[in-house]
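Remarks on the overall topology
Listed here are the chains, written in short residue letters.
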Amino acid sequence: MEDSKKKPVMIGVIVVCLGVAALVTYMRSGDDSGIGGISANEMRWVKCNNPACKAEYEMGTRKYYEDLTANMNPNPMATSATALTCKECNKRSLYGAIKCANPDCGIVFIEGISGPDDHPDRCPDCGKSETQESRKRRLSGG
Ligand SMILES: [Zn+2]
Ligand SMILES: [Zn+2]
């Protein structure tokens, strides 16, 4: 019974990983089509930082980067430049988020919430960081 609940989460994690890999490929390709090269069907997680809202949902990866670029144009140094407008509360408090890679956890949290000295994908709930674990795997001679 429990397994049927975990399956969609694991599929979600795989989809997110594929999305990140695809994005890295786009960025490394140096293709000047940039954002335009991201598939219109690609989705990523976002989370609202407004304590009264806390909405978390998936939005188009392309739209996310388009909005982010539009934000940064007038004032790239503003700390609010990385926040998008939340579709639920209409406040500029929406941030890029990550779905925890731990299938037993699976919460959605704001990217880099553990601070600048830690991995941005460190889960505040279970402490798992996929970046750290993949590095560990590499160091252990994998
Ligand atoms: Zn909101
Ligand atoms: Zn977690």
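Placed above this text is the structure.
A few points on the structure. As the structure is a computational prediction, the values presented were derived from the model and not from experiment. (Residues numbered from 1 in each chain as written. Chains lettered and ligands numbered in written order. Predicted model: local features only at pLDDT ≥ 70, side-chain atom pairs only at ≥ 80, totals over all residues.)

**Quick notes on the nonpolar core**
- The biggest cluster of nonpolar side chains holds 13 residues, and the ones touching the most others in it are Trp-45, Val-46, Leu-94, Ala-97, Ile-98, Cys-100 and Phe-109.
- Filtering out sequence-adjacent residues up to four positions away, Cys-100 remains in contact with Cys-105, Gly-106, Ile-107, Phe-109, Cys-123, Asp-125, Cys-126 and Lys-128. (Core = buried A, V, L, I, M, F, W, Y, C linked by C-beta atoms within 7 Å. Buried ≥ 20, exposed ≤ 12 C-beta atoms within 10 Å, placed from the backbone. Contact = placed C-beta atoms within 7 Å.)

**Considering helix H3 (residues 130-139)**
- Taking burial as the measure, the ten residues of H3 include zero buried ones, a minor fraction of the element.
- Two residues or fewer after H3 comes Gly-141, characterised by a positive phi angle close to 80 degrees. (Helix = DSSP H or I, 4+ residues; strand = E, 2+ residues; numbered from the N terminus.)

**Describing the environment of Glu-130**
- One can find Glu-130 in helix H3.
- It is 8.5 Å that separates the C-alpha atoms of Glu-130 and Cys-100, two residues lying 30 residues apart in sequence.
- Once you skip the residues sitting within four places of it in the chain, Glu-130 turns out to touch Ala-101 and Asp-121.

**A look at unusual backbone geometry**
- Located in the positive-phi region is Lys-54, a residue other than glycine, with phi close to 55 degrees.
- Among the secondary structure elements, Lys-54 is positioned in the loop between strand S1 (43-48) and strand S2 (56-60).
- Positioned with a positive phi, Asn-90 is a non-glycine residue whose angle comes to about 65 degrees.
- Of note, Asn-90 is situated in the loop between strand S3 (84-85) and strand S4 (92-99).
- The exposure class assigned to Asn-90 is exposed, which follows from the 11 C-beta atoms found within 10 Å.

Bear in mind that shape data such as this cannot, by itself, settle questions of function.
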